[in-house]
Amino acid sequence: MNDWIAIGALGLVGIGLPLGMMAASAILRPTVPEQGKSATYESGEVPTGTARVQFNIQYYMVALLFVIFDIETVLILPWTVIYRSALEQGASLATVLLPMLIFIGVLVVGLVWAWRNGAVRWVKSPRASRRKTERQDA
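Keep in mind that what you see is a predicted model, and the values were worked out from it rather than measured.

J.: Help me get a handle on the overall build of the protein, residues and values and all.
T.: When helices and strands are counted, the protein shows 5 helices and 0 strands. Going from N to C terminus, the protein has its helices and strands arranged as α-α-α-α-α. Burial status across the protein gives 8% buried among its 138 residues. Sequence separation of 24 or more characterises 68% of the internal contacts of the protein that already satisfy a separation of 6 or more. Accessible area for the protein stands at about 12500 Å²; split by element, carbon and sulfur atoms hold 67% of it.

J.: Can you lay out a nonpolar patch on the surface for me, pointing to particular residues and giving the numbers?
T.: Among the surface-exposed residues, Ile57, Tyr60, Leu64 and Ile68 lie close enough to one another that they form a single nonpolar patch of about 380 Å² accessible area. Along the chain, the position of Tyr60 falls in helix α3 (residues 57–88).

J.: For α3, give the residues involved together with the corresponding values.
T.: Relative to the 46 Å expected for 32 residues at 1.5 Å per residue, α3 spans 48 Å between its end C-alpha atoms, a close match to the ideal helical length. Considering bend angle alone, the principal kink of α3 is centred on Ile82 and spans about 35°. Restricting attention to buried positions, one finds in α3 the residues Gln58, Leu65, Glu72, Ile76 and Trp79. For α3, the secondary structure elements touched by its buried residues are α4 (93–116).

J.: I'd like a description of α4, backed by residues and values.
T.: The first and last C-alpha atoms of α4 sit 33 Å apart over 24 residues, in line with the 34 Å expected at 1.5 Å per residue. Looking at the buried residues of α4, the elements they touch are α3. Within two residues after α4, Gly118 carries a phi angle of roughly 85°, on the positive side.

J.: Could you give me a rundown of the packing of aromatic side chains, with the residues and numbers involved?
T.: Inspection of the entire model under this criterion finds 1 aromatic pair. Judged by centre distance (5.3 Å) and plane angle (45°), the rings of Trp79 and Tyr83 are tilted. Taken as a pair, Trp79 and Tyr83 lie in helix α3 at a separation of 4 residues, close to a single helical turn.

J.: So what's going on with the confidence of the model for the protein? Residues and values would help.
T.: For the protein, mean pLDDT is 81; residues scoring 70 or higher make up 83% of the total. The least confident element of the protein is helix α5 (residues 126–137), whose mean pLDDT is 67; the most confident is helix α1 (residues 2–28), at 93.

J.: Provide a residue-level description of the packing of α3 against α4, including the pertinent values.
T.: Relative orientation of the contacting elements α3 and α4 amounts to 170°, with a least axis distance of 10 Å. Accordingly, the angle class assigned to the pair α3 and α4 is roughly antiparallel. Crossing geometry of α3 relative to α4 is assigned as left-handed. Between α3 and α4, the contacting residues are Leu65, Ile68, Phe69, Glu72, Leu75, Ile76, Trp79, Tyr83, Ala86 and Leu87 on the first element and Leu93, Val96, Leu97, Met100, Phe103, Ile104, Leu107, Leu111 and Ala114 on the second. Along the lines of polarity and charge, the residues of the contact of α3 with α4 split into 18 nonpolar, no polar and 1 charged.

Here is what the cut-offs are and how they apply
Residues numbered from 1 in each chain as written. Predicted model: local features only at pLDDT ≥ 70, side-chain atom pairs only at ≥ 80, totals over all residues. Heavy atoms only, no water. Helix = DSSP H or I, 4+ residues; strand = E, 2+ residues; numbered from the N terminus. Buried < 20%, exposed > 50% of the residue type's maximum accessible area, 1.4 Å probe, protein only. Contact = heavy atoms within 4.5 Å. Areas by Shrake-Rupley, 256 points an atom, 1.4 Å probe, with all protein chains shown as cover. Patch = residues over 30% accessible without salt bridge, like charges linked within 9 Å, V, L, I, M, F, W, Y side chains within 5 Å. Salt bridge = Lys/Arg side-chain N within 4 Å of Asp/Glu carboxyl O. Expected span 1.5 Å × (residues − 1). Bend = angle between axes of the 7 residues up to and from the residue. Phe/Tyr/Trp six-rings, centres within 6.5 Å; stacked < 30°, edge-to-face > 60°. pLDDT = per-residue confidence, 0-100. Axes fitted to C-alpha atoms, helices over the stretch in contact; angles between N-to-C directions. Parallel < 35°, antiparallel > 145°, perpendicular 65-115°, else oblique. Left-handed = near helix turned anticlockwise from the far one by under 90°. Nonpolar A, V, L, I, M, F, W, Y, C, P; charged D, E, K, R; others polar.

Shown next as structure tokens:
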């Protein structure tokens, strides 16, 4: 039962200490309302427009594909290091090569799926579309 008392005391200290610090800060700090305190901080620049900006989903898709293929590289590199030693210790080529080929195959299927759904096709700006039509007209 003594272990539970120690755990309970630790939980109380873990919750009470931050709450006590926030309460002491709220009581002791000076409150001087200013317009600058409520403004959005943008690296010292004067903010323009609203903070609610909708980003193109294409940025997210490119970042997601980058992360997937970055992880692929991180997983393939150690496999290439142990590949030769596994063959020297008597493992068959199929035993060593088959799991990595399945892994790469799954990633290739994912890339083909993303490509067919337009995840890697970049959206053209209206200016670029206008230039292309101007060249075709000339």
